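# Inside the fold
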Amino acid sequence: MAHLFNRNVLLGVSGGIAAYKSAELVRQLQGRGASVRVIMTLGAREFITPLTLQALSGHPVHTQLLDTDAEQGMGHIELARWADLLLVAPATADLIARLSAGRADDLLTTAALATTAPLMLAPAMNQQMWQDPATIANITQLSARGAHIVGPAVGQQACGDVGPGRMEEPPVIADAAASLFESGLLAGKRVIITAGPTREALDPVRYISNHSSGKMGYALAQAAVDAGAITTLVSGPVNLAPPKHVQCLPVQSATEMLEKCLALLPECDIFIACAAVADYRPATIEQQKIKKGPEQVILQLARNPDIVAAVAASENSPFTVGFAAETNDVLSYARDKMQGKGLDMIVANDVSDLSIGFNSDHNEATVLWRDGEQVLARSGKSAIARQIVELIGAINKVGKCV
Ligand code: C5P
């Protein structure tokens, strides 16, 4: 079924009697996974109160173009940028005319001009108004500019007329909105991804770490979001911005990463361990900066917990995917690692090839699971991430390893 996970729907409500159905539409959109924010025109507020739509959407309703308070929060440009879809329901004859003319005389029409998101309209008006040549011309013009029109339905109208002009029912509109987006393989699945290096403190100013850039983990997060997953990144320190719709929880050390992951586990369907976790940490963290002294010092290190193994061994463990960076006998070491750590799948890399891996934008890998494997030919980390997510979607469906 089409869905709206990871989609931001900006719902514009204009002033027609069908505005009462917008409340149900908010619910229908949310039920398909969307985040919804609402703009109401002045006319809409004569039919339904902003409070109703605020309570249902969970966000303040936007009503004014020139409102300093609102602009301090999410102004019209931010709203326009936030939207993945601008859905106007009901769209009255007047609003359709103003959109067609490209006017910007209130918040809704201004947002429509300012957004690059697709526009969908659910017209609602008296049947004669719908069939008027002016409305027909406006709708034709908007359609030609790429607007998607849902309905109107034919039937009994509030004014007593019978004919075309009733707003489509909310489930039909929400389905039409969802059909604009690709249906994801991981729709609604809760995915946790570890990424980046860990930093193991020696004293207040020094640490042990590695060169992991986090690029592969962040690319996986983007691919998971695109596949419709509710995605959380547990990330060591990196210089990357988390993808839109990803909850990013920054951590420093392996111990902190383990704690965060275990706390999140009850809400996790798929766990992907992409982080380059330090195997060891200083056995003690000095409270004061260590002073320069002898020619040689011996550092005592303690083994870090194995995060992915702990996740795989947990009760009701999620589908668990690890990475194996090897320099020789890559596939046999990777398969041993998958079995040793109790994983459902492992992505094996040959890190003796310096043109792929750690800081590179490229990668090539072989994905192994209980009874299969697939080679992913060299390409950008985004393309590799998409293929890994596709395999996770396919294998996870077949079933976890036991
Ligand atoms: O044992 P090795 O470090 O080669 O295993 C790599 C895999 O295990 C990766 O998926 C990595 O994220 C994960 N790992 C972990 N916790 C550790 C060490 C590795 O989750 N302490």
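Residues numbered from 1 in each chain as written. Predicted model: local features only at pLDDT ≥ 70, side-chain atom pairs only at ≥ 80, totals over all residues. Heavy atoms only, no water.

### Quick notes on the packing of aromatic side chains
Considering all chains together, one arrives at zero aromatic pairs under this definition. Cation over ring: R37 sits above W82, and NZ or CZ is 5.4 Å from the ring centre. (Phe/Tyr/Trp six-rings, centres within 6.5 Å; stacked < 30°, edge-to-face > 60°. Lys NZ or Arg CZ within 6 Å of the ring centre and 35° of its normal.)

### Thoughts on the pairing of strand 17 (residues 345-350)
Most of strand 17 sits out of view: five of its six residues are buried. Two elements, strand 16 (residues 319-326) and strand 17, share six bridges in a ladder whose sense is parallel. Each bridged residue has a counterpart across the sheet, and for V321 the counterpart in strand 17 is M345. Read from strand 16 through helix 14 (residues 330-341) to strand 17, the crossover connection turns out right-handed. (Buried < 20%, exposed > 50% of the residue type's maximum accessible area, 1.4 Å probe, protein only. Helix = DSSP H or I, 4+ residues; strand = E, 2+ residues; numbered from the N terminus. Pairing = 2+ DSSP bridges. Right-handed = clockwise from strand over helix to strand, strands pointing away.)

### Description of the nonpolar core
In a soluble, globular protein the nonpolar side chains are often hidden away together inside. By size, the foremost hydrophobic cluster in this structure holds 36 residues, and its most contacted members are I193, L220, I272, M345 and I388. Of all the secondary structure elements, the ones that give two or more residues to this core are strand 8 (190-195), helix 11 (215-226), strand 13 (270-273), strand 16, strand 17, strand 18 (362-369) and helix 15 (381-398). With residues up to four places along the chain from it excluded, the contact list for I193 reads G217, L220, A221, A224, T231, T232, L233, V234, I272 and C274. In terms of nonpolar packing, the next biggest core, distinct from the first, is built from 33 residues, L29, V61, A174 and A176 among them. (Core = buried A, V, L, I, M, F, W, Y, C linked by side-chain atoms within 4.5 Å. Contact = heavy atoms within 4.5 Å.)

### So, the side chain of N363
Take N363: it is sitting in strand 18. Looking at N363, the relative accessible area reads 4%, which means it is buried. Of the polar contacts made by the side chain of N363, one reaches the side chain of N349; its length is 2.6 Å. (Polar contact = N/O pair within 3.5 Å; in protein donor to acceptor, adjacent residues only side chain to side chain.)

### Points about the site of the ligand
Near the ligand, the surroundings consist of A273, A275, V277, P305, D306, I307, V308, G322, F323, K337 and K341. Within the backbone of I307, a nitrogen or oxygen atom sits 2.9 Å from a nitrogen atom of the ligand. For the ligand, an oxygen atom lies 2.9 Å from a polar atom in the backbone of V308. Among the elements of the structure, helix 13 (307-312), strand 16 and helix 14 are those that each provide at least two residues to the shell around the ligand. Class assignment for the residues of the shell around the ligand results in seven nonpolar, one polar and three charged. (Near = heavy atom within 4 Å. Nonpolar A, V, L, I, M, F, W, Y, C, P; charged D, E, K, R; others polar.)

### Points about unusual backbone geometry
P90 follows A89 through a cis peptide bond whose omega is 0°. For P90, the location among the structural elements is in strand 3 (residues 85-91). Look at the link from G151 to P152: it is a cis peptide, with omega at 5°. As for its placement among the helices and strands, P152 is situated in the loop between strand 5 (148-149) and strand 6 (153-156).

### Points about the sheet that holds strand 1 (residues 8-13)
With respect to topology, five strands assemble into an open sheet ordered 2-1-3-4-5, the strand pairing being parallel. Edge positions in the sheet fall to strand 2 (35-40) and strand 5, since each has one partner strand and no second. Of the pairings in the sheet, the one linking strand 3 to strand 4 (residues 119-123) comprises four bridges and is parallel in character. Paired with L87 across the two strands is M120, which belongs to strand 4. Relative to strand 2, helix 3 (residues 50-57) is tilted by about 170°, and along the sheet it contacts strand 1 and strand 2. (Axes fitted to C-alpha atoms, helices over the stretch in contact; angles between N-to-C directions.)

### Notes on the domain arrangement of the protein chain
The domain architecture assigned to the protein chain consists of domain 1 (8-178) and domain 2 (190-397). Distance between the C-alpha centres of domain 1 and domain 2: 44 Å. (Domains from an automatic or database assignment.)

### Brief notes about the pattern of salt bridges
Counted under the stated rule, the structure contains 16 salt bridges. Linking D175 and R32 is a salt bridge whose minimum nitrogen-to-oxygen distance equals 2.9 Å. Of this pair, D175 sits in helix 10 (residues 170-179) while R32 sits in the loop between helix 1 (22-31) and strand 2, and the two are 143 residues apart along the sequence. Classification of D175 by relative accessible area gives partly exposed; the value is 38%. Since its relative accessible area comes to 10%, R32 is described here as buried. Here K337 makes a salt bridge to E326, at a shortest N to O gap of 2.9 Å. On the criterion of sequence distance, the pair formed by K337 in helix 14 and E326 in strand 16 is long-range, its members being eleven residues apart. Looking at K337, the relative accessible area reads 27%, which means it is partly exposed. Owing to a relative accessible area of 12%, E326 belongs among the buried residues under this scheme. Taken together, the shared-partner salt bridges in this structure form one network comprising D94, R98, R103, D105 and D106. (Salt bridge = Lys/Arg side-chain N within 4 Å of Asp/Glu carboxyl O.)

### With respect to helix 6 (residues 93-101)
Along helix 6, the positions that sit buried rather than exposed are A93, L95, I96, R98, L99 and S100. Where helix 6 ends, the next residue or the one after it, G102, has phi of about 75°, a positive value.

### A few points about the packing of helix 6 against helix 7 (residues 107-114)
Where helix 6 contacts helix 7, the two axes come as close as 10 Å, and the packing angle between them is 40°. Relative to helix 7, helix 6 is oriented so that their crossing is right-handed. On helix 7, the residues touching L95, R98 and L99 of helix 6 are L108, T109 and A112. A class-by-class count of the residues in the contact of helix 6 with helix 7 yields four nonpolar, one polar and one charged. (Left-handed = near helix turned anticlockwise from the far one by under 90°.)

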